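Descriptive structure summary
For reference, the chains in residue letters:
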Amino acid sequence: MSDVQTPVREQAHQEPPPDRAGAVLRAVTQGRVTTSLLAVLMAFVLGALLVCLTDDRVAAAAPYFLRRPGDLLAAVGQAVGGAYLALFQGAVWAPRDTFAASIRPLTDSLMFATPLITAGLGVALAFRVGMFNIGARGQILVAAACAGWASSSLHLPVGVHVAVALAAGLAGGALWGGIAGLLKARTGAHEVIVTIMLNYVAFYLVSLLLRTPVLQVEGSANPRSRPADATAVLPPLFGDAHTTHAGFVLALLAVAGVWWLLDRSALGFRFRAVGLNPRAARVAGIDVEHVYLVVMVLAGALAGLAGAGQVLGTVTTGFGVSIEAGIGFEAITVALLGRSRPLGVLLAGLLFGAFKAGGFAMQSMQAIPVDLVLVLQSLIVLFIAAPPLVRALFRIPAPARGQE
């Protein structure tokens, strides 16, 4: 009798089969990617609200909403639809007579995204080690100066010249980032303070060099560098009619390289271990100070690639201190939006590059201030930095500890 009841008891105590579909759905809805997408969506919704509040047609139709609600709805549709259509046509596709002319906005977006991707990788790599690299601006400026000098002063054969100029830019950025890493490793100086101060040092140093024969173009009183030799210019990817250059390919290679470094190499394992818990990493035998130095050198080199690309691909006729163009600080937002992951930084850089290209179209086609694009970027970062707010707005349950 007991033998007959045993299987019944075991069956009664068996746990129900796991809900795999529900687990997958929860993983998707509670994941970082979904939170980032919802943050972008919320930013666009609030951006649409700002467009309506500043549009003259909406303001004229609003007082008559109760009598003619259709007029207000039509005005809102025209304002928001026109703004985002202009953003799309300025960033992705604009109907033209030829295919090459139609994709011109897309190539402009890729050109704007290129330095954001590489500089964002430099910031994200430091984030993964628990360091805040706020010095991408200075690293870009020093790299631009080094690449500018090599591209205009060294007269080398085709192929060799561009490689040497790129190497000079990488070395300049690595050196400037390595200073912060060395001070952090040797003295414990906080990298935020050091990198911010190095930004100012780099700015005034490059400004000085642009007023000396080291960089200044001959016969000019303006602080502007000499143009790069044709042998040092990065070739265009889609022909001379488009602005995207080979620096975008280098940015893609940098994304792949950083992914391999973090996820497939022993050095990347040490990076992640120090980022999670430097004390535990030190107990495990990892030289934490050496990791701080190495990661800042690599982060500076990645930011240096952005500066070199600006000089050798985007502005080849000579540059001033405005060559950095705010890329260093935008790289921080790109790294935050990309969750400090290489693929995430790539997608965030492409998005912000599209914002830059499309913002000018919004201003010219719809008379919308380009500052609205900056508001969109700021809102995205705000929502990215506050995942509980996004989850509360969309009623998404919080993920279990360690799963986010």
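Below is a summary of the structure that appears in this document. Note that the structure is a prediction, hence the values are computed from the model and not measured.

A look at the overall build of the protein chain
Summing up its helical and strand segments, the protein chain has 18 helices and zero strands in all. Along the first, second and third principal axes, the C-alpha set of the protein chain runs to 105 × 75 × 40 Å. When the 404 residues of the protein chain are sorted by exposure, 47% land in the buried category. Put simply, 71% of the contacts in the protein chain that link residues at least 6 apart link residues at least 24 apart.

So, the side chain of Glu330
Looking at where Glu330 falls in the secondary structure, it is placed in helix 15 (residues 327-337). By relative accessible area, Glu330 is classed as buried at 16%. There is a polar contact of 3.2 Å between the side chain of Glu330 and the side chain of Lys356. Dropping the residues within four chain positions of it, Glu330 is found in contact with Leu116, Lys356 and Gln377.

Details of the packing of aromatic side chains
One pass over the structure, following the stated rule, counts seven aromatic pairs. Between Phe44 and Tyr84, the ring centres sit 5.2 Å apart and the planes meet at 65°, which makes this aromatic pair edge-to-face. Of this pair, Phe44 sits in helix 3 (residues 32-54) while Tyr84 is found in helix 5 (residues 69-91), placing the two residues 40 residues apart along the sequence. Classification of Phe44 by relative accessible area gives partly exposed; the value is 23%. With 5.8 Å between their ring centres and 55° between their planes, Trp93 and Phe99 make a pair best called tilted.

Quick look at the packing of helix 8 (residues 136-153) against helix 9 (residues 160-187)
Closest axis-to-axis distance for the helix 8/helix 9 pair is 7 Å, and the angle between their directions is 150°. What the angle tells us is that helix 8 and helix 9 run roughly antiparallel. Relative to helix 9, the crossing made by helix 8 is right-handed. Judged by residue contacts, Gly138, Gln139, Val142, Ala143, Cys146, Ala147, Ala150 and Ser151 of helix 8 engage His161, Ala165, Ala168, Gly169, Gly172, Gly173, Trp176 and Gly177 from helix 9. Residue classes in the contact of helix 8 with helix 9 are distributed as eight nonpolar, eight polar and no charged.

Section: the nonpolar core
Within the largest apolar cluster, 101 residues are counted, with the highest numbers of intra-cluster contacts made by Ile117, Leu121, Leu125, Phe271, Val274 and Met362. Here the element with the most residues in this core is helix 14 (residues 288-314); it accounts for 13 residues. Apart from the residues within four sequence positions on either side, Ile117 is in contact with Phe248, Ala251, Val255, Val345, Leu346, Gly349 and Leu350.

Reading the values: the criteria
Residues numbered from 1 in each chain as written. Predicted model: local features only at pLDDT ≥ 70, side-chain atom pairs only at ≥ 80, totals over all residues. Heavy atoms only, no water. Helix = DSSP H or I, 4+ residues; strand = E, 2+ residues; numbered from the N terminus. Buried < 20%, exposed > 50% of the residue type's maximum accessible area, 1.4 Å probe, protein only. Contact = heavy atoms within 4.5 Å. Polar contact = N/O pair within 3.5 Å; in protein donor to acceptor, adjacent residues only side chain to side chain. Phe/Tyr/Trp six-rings, centres within 6.5 Å; stacked < 30°, edge-to-face > 60°. Axes fitted to C-alpha atoms, helices over the stretch in contact; angles between N-to-C directions. Parallel < 35°, antiparallel > 145°, perpendicular 65-115°, else oblique. Left-handed = near helix turned anticlockwise from the far one by under 90°. Nonpolar A, V, L, I, M, F, W, Y, C, P; charged D, E, K, R; others polar. Core = buried A, V, L, I, M, F, W, Y, C linked by side-chain atoms within 4.5 Å.

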